[in-house]
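Architecture at a glance
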Amino acid sequence: MQSKRNLKKYNNRNNLFLIIIGIILILAVVFGVVLYNNHVESQKQAKAFATNHFNPNVNIYGVEVGNLTITKATAKINRKANNIVSLENGKVAIERDPNIDTIKKQEVANYFKKQHTTMPDKQVYEYRNTDLDAANKKMHAVSHAVVNYHVAGKDYQLKAQKLINQAIYKKGKYSFLNSENLTAELNKIDQEVSTIHQSYKFAVPKGNKTAGKKITVKNQSYGWGVHVKRAQTAVEQAFLSGTKNLDGKNYIYGLGYSTYGLGYGKSNHGIGNDYIVVSIKKQEMWIVRKGKVVVHLNDVVTGTKDGNKNNRTPQGVWYIHYKQGHAVLRGRNNDGSKYASPVRYWMPFTLTGCGFHDAGWRGDWSKKAYLRGGSHGCINIKPREIKQVWRNVSKHQPVIIYD
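Attention here is on the structure that accompanies the text.

Cut-offs used in this document
Residues numbered from 1 in each chain as written. Predicted model: local features only at pLDDT ≥ 70, side-chain atom pairs only at ≥ 80, totals over all residues. Heavy atoms only, no water. Helix = DSSP H or I, 4+ residues; strand = E, 2+ residues; numbered from the N terminus. Contact = heavy atoms within 4.5 Å. Areas by Shrake-Rupley, 256 points an atom, 1.4 Å probe, with all protein chains shown as cover. 1 Å grid on protein atoms, 1.4 Å probe; cavity = no way out; pocket = protein on both sides within 12 Å on 5 of 7 lines; lining within 4 Å. Points joined across faces, edges and corners; volume = space filled by probe spheres on them. Nonpolar A, V, L, I, M, F, W, Y, C, P; charged D, E, K, R; others polar. Pairing = 2+ DSSP bridges. Axes fitted to C-alpha atoms, helices over the stretch in contact; angles between N-to-C directions. Buried < 20%, exposed > 50% of the residue type's maximum accessible area, 1.4 Å probe, protein only. Disulfide = S-S within 2.5 Å. Parallel < 35°, antiparallel > 145°, perpendicular 65-115°, else oblique. Left-handed = near helix turned anticlockwise from the far one by under 90°. Patch = residues over 30% accessible without salt bridge, like charges linked within 9 Å, V, L, I, M, F, W, Y side chains within 5 Å. Salt bridge = Lys/Arg side-chain N within 4 Å of Asp/Glu carboxyl O. Lys, Arg positive; Asp, Glu negative; His and termini not counted. Charge placed at Lys NZ, Arg CZ, Asp CG, Glu CD. Phe/Tyr/Trp six-rings, centres within 6.5 Å; stacked < 30°, edge-to-face > 60°. Core = buried A, V, L, I, M, F, W, Y, C linked by side-chain atoms within 4.5 Å.

**A word on the overall build of the protein chain**
For the protein chain, the count of helices and strands is 9 helices and 23 strands. Restricting the contact set of the protein chain to residue pairs at least 6 apart, pairs at least 24 apart contribute 62%. On the protein chain, roughly 23,000 Å² of surface is accessible, and the fraction owed to carbon and sulfur atoms is 51%.

**Re the layout of surface pockets**
In this structure, the largest pocket spans a volume of roughly 540 Å³. Taken together, 25 residues form the lining of the largest pocket, with Y339, G353, S375, H376 and C378 sitting closest to its centre. Going through the elements one at a time, strand 19 (324-332) and strand 20 (338-348) are the ones with two or more residues in the lining of the largest pocket. When residues of the lining of the largest pocket are assigned to their parent elements, the largest contribution, 5 residues, is made by strand 19. Broken down by class, the residue content of the lining of the largest pocket amounts to 8 nonpolar, 14 polar and 3 charged. Computed from the structure, the second largest pocket encloses a volume of approximately 440 Å³.

**Points about the sheet that holds strand 18 (residues 316-319)**
Spatially, 5 strands are ordered 17-16-15-23-18 in an open sheet, and the strand pairing comes out mixed. Of all the strands in the sheet, just strand 17 (292-297) and strand 18 have a single pairing partner and so form its edges. Across this sheet, the average inter-strand angle for adjacent strands is 20°, counted without regard to direction. Note: strand 15 (residues 275-279) against strand 23 (residues 398-402), 4 bridges, orientation parallel. For S279, the partnering residue across the bridge sits in strand 23 and is Y402.

**Remarks on unusual backbone geometry**
A negative phi angle characterises most non-glycine residues, just as the trans form characterises most peptide bonds. A positive phi angle, close to 65°, is found at H197, a residue other than glycine. By the secondary structure assignment, H197 is in the loop between helix 6 (180-193) and strand 10 (199-203). The phi torsion at H326 lies on the positive side, around 55°, for a residue other than glycine. Residue position: H326 is located in strand 19. The exposed category is assigned to H326, whose relative accessible area is 63%.

**Structural notes on the pairing of strand 4 (residues 91-95)**
The pairing of strand 3 (residues 84-88) with strand 4 spans 5 bridges and is classified as antiparallel. Within the sheet, the bridge partner assigned to L87 lies in strand 4 and is V92. Here strand 3 folds back onto strand 4, and the loop between the two strands holds 2 residues, one of which, N89, carries a positive phi near 50°.

**Considering the state of the cysteines**
Per the counting criterion, the structure on display carries 0 disulfides. Among the cysteines around C354, which has no disulfide bond, C378 carries the closest sulfur, lying 5.4 Å off.

**A closer look at the packing of helix 6 against helix 7 (residues 228-241)**
At a minimum axis distance of 10 Å, the contact between helix 6 and helix 7 shows a crossing angle of 125°. When the interaxial angle is binned, helix 6 and helix 7 end up oblique. Between helix 6 and helix 7 lies a crossing of right-handed hand. Across the interface between the two elements, L182, T183, L186 and N187 of helix 6 pack against V228, A231, Q232, V235 and E236 of helix 7. Class assignment for the residues of the contact of helix 6 with helix 7 results in 5 nonpolar, 3 polar and 1 charged.

**Brief notes about the sheet that holds strand 5 (residues 125-127)**
Strand order in the open sheet formed by 3 strands is 2-1-5, and the pairing between neighbours is mixed. The open sheet has two edge strands, strand 2 (63-64) and strand 5, and neither has a second partner. The sheet contact formed by strand 1 (residues 58-60) and strand 5 spans 3 bridges and is parallel. Looking across to strand 5, one finds that N59 is bridged to E126. Across the sheet, helix 3 (residues 105-115) is in contact with strand 1 and strand 5; its angle to strand 5 comes to roughly 150°.

**Focus: a positive patch on the surface**
Positive charge collects at one region of the surface, where K213, K281, K282, K305, K309, R312 and K367 lie side by side. Mapped onto the fold, K309 is located in the loop between strand 17 and strand 18. Classification of K309 as exposed rests on a relative accessible area of 62%.

**Some words on the packing of aromatic side chains**
Under the definition given, this model contains 9 aromatic pairs. Consider the rings of F54 and F112, whose centres lie 5.1 Å apart with planes at 85°: the pair is edge-to-face. Note that F54 is positioned in the loop between helix 1 (2-52) and strand 1 and F112 in helix 3, a separation of 58 residues in sequence. Both residues of the pair, F54 and F112, count as buried. Both rings, one in W224 and one in Y264, keep their centres 4.8 Å apart while their planes meet at 65°; by these two values the pair is edge-to-face. With a gap of 40 residues between them, W224 in the loop between strand 11 (214-218) and strand 12 (225-226) and Y264 in the loop between strand 14 (252-253) and strand 15 connect regions that are remote in the sequence.

**Things to note about the nonpolar core**
What tends to happen in soluble globular proteins is that the nonpolar side chains get buried as a cluster. Formed by 34 residues in total, the largest nonpolar core has its most connected members in Y149, L158, I164, I189, V226, F239 and L246. Listing elements by their share of this core, those giving two or more residues are strand 3, helix 4 (130-143), strand 6 (146-151), strand 7 (154-159), helix 5 (160-163), strand 8 (166-170), helix 6 and helix 7. Here this core gets 7 residues from one element, more than from any other, and that element is helix 7. Not counting residues within four places of it along the chain, the set of residues in contact with I189 comprises Y149, V151, Y156, L158 and V226. One finds M347, F349, I381 and V389 within the second-largest nonpolar core, a separate group that totals 27 residues.

Given below as structure tokens:
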């Protein structure tokens, strides 16, 4: 009996043990399933997070954007990143302008694609603003740039460090905000080399010779000056591009009908060897070609000297604006009446309407005709002599008129 009871107890203990083991196994399975499901869910969440967020260690333009979405990363970069390079009085600085955006959302999206991984990656990703880095390098080069400005046979060393007050790189463009020192320097150069309104001694042709009496003449519309605005732009661009030399003849200006300067680089005070000379007192005219007198007229009639000052032929150095055949000259007489005079040859040299032309209506060609019965400022030429004048006169040819 005793052994049966012992066997029964033994079986009961074994059954209990098996039950406990079974329960443990069931719990282990349940716990494993739970863990697995949690892991799967965690993986899903991590994958979903990585799909829409930057990896933890991502730096764009010096701003940490780890774990941010593209939209939030864009906003943060635009809020904190440097976006301009400034040059002021020789010093270069990388700064931030709060009024402009540093980066566009699409650009941030492109960086997102570069660093994107299926699961979050702790690798460090750093993306620099290469445009800003290049601008910083260029601005440093600009600050030390030197340009040799050659004009009228002279060389001027233009140093950006002294002449550029303020420049900036912004929104992908370089701008010179303040170059007043450069402007002042170019104005100074203009005053030194400009031939406009300058006076000088000139040898008047005498007879068939080019050498003669020395007179003082003054350039009026003839000549050239430094076009400061154009020259300044060219110098600034040279500072940016690293150009070492600039030819000043490309940045000059003129007065009158032609806005481009005349006489640059020519001898004889810029007059050269082809020119026209008119003496008011002598009522004579000379045309010089290649240094020799080719036409000498002893009986031209200039503007009326006595009376209305507007009818006087203006003295100074001018130039032929253009040549026109069969023109009608219009204006007003001293009494206010209008006139319209047809001419076969017309060669103006002032904007006020003075020029060389034939005057078939004129009867008085005496040396004193100009005193009271001269022209309205033009140079009247006899019809039989006008052709030789026409053949030897060319556009932009200097016209020297003296008393």
